[in-house]
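This is what each chain is made of:
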Amino acid sequence: ARAAAGVVLITTKAGRAGPTRFTYRSSVSFNDLNRTYPLQRSWSQGRFGAQPDTSLGGACDVITSATCVRSWGVRIPAGTPVYDHADDIYHVGQTFENGFTVSGGNDRTTFYLSGDYSSQEGVFLGPNNRYGRSAVRVKGTHRVMDNLEIGANVSFTDARGRFIQRGNNTNGVQLGNLRTPPEY
């Protein structure tokens, strides 16, 4: 970008006169959780089948509520298998990116062509944690006369995603994961 007399002019990549140039780039990256919450492995869910009512205005808003007093349940007996739910829903995510450009031209005509593809799989297991993006761009110019140049710049992008949850979601997959008793 250049600034002149208070104007910001944004320029994009373009072809230049000279031999045709080809470039290709590719990258891969991996995403992983650096920390998960430790699993509570001592207590079972509820006591005597009583589920705590943690809704706003529910039984747990009253300090002496018998339901909330019993919400932890009994101690899990030794030898009972427990499950680490973080291992059940997370894995190492990855991103693959590939792109190419072709550019060139002569003293009157220039061209620039680019294409990119990006594929991302997040850290949640399952089919609803993916994002893909494809983009193609073509730019060309031709000097018809010394004082007349015509050009075109066309781009197309196709982005598709499947997501577990969107935005700031406090009742999503992770909260359910943390609230699930270890013996389930």
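Before reading on, note that the structure itself is shown above.
Everything numeric here is computed off the predicted structure, so don't read it as measured data. One numbering rule holds for all chains: residues counted from 1, following each sequence as written. Reporting in this predicted model follows two pLDDT cut-offs: at least 70 for local features of residues, and 80 or more for side-chain atom pairs to be given and counted; totals over whole chains, interfaces and linings ignore these cut-offs and use all residues. The basis for every side-chain value is the complete set of heavy atoms in the structure, and neither hydrogens nor water enter the calculation.

Q: What should I look at first to understand the sheet that holds strand 5 (residues 109-121) in this one?
A: Pairing between the strands of a sheet comes from backbone hydrogen bonds, and it takes one of two forms, parallel or antiparallel. If you trace the five strands from one edge of the open sheet to the other, you get 3-4-5-6-7, paired in antiparallel fashion. Looking along the sheet, the strands with just one partner apiece sit at the ends: strand 3 (18-31) and strand 7 (148-162). Ignoring strand direction, the axes of neighbouring strands in this sheet form an average angle of 5 degrees. For strand 6 (residues 130-145) and strand 7, the ladder comprises 15 bridges, and the chain directions are antiparallel. Note on strand 7: the bridge partner recorded for M145 is L148. Criterion used throughout: strands pair if DSSP finds at least two bridges between them. Only runs of H or I of at least four residues qualify as helices and only runs of E of at least two qualify as strands under DSSP, and these elements are numbered from the N terminus. Orientation is described by lines fitted to C-alpha atoms, with helices fitted over the stretch in contact, and by angles between N-to-C directions that extend from 0 to 180 degrees.

Q: What should I look at first to understand the pairing of strand 5 in this one?
A: The side chains of a regular strand alternate between both faces of the sheet. Where strand 4 (residues 93-105) and strand 5 come together, 12 bridges link them in antiparallel fashion. Within strand 5, the position partnered with V102 by the bridge is L113. Turn length for the strand 4-strand 5 hairpin, with the two strands adjacent in sequence and antiparallel, is three residues. Two strands pair when backbone bridges link them, and strand 5 and strand 6 are joined in this way by 13 bridges, in the antiparallel orientation. Counterpart to L113 in the pairing with strand 6 is V138.

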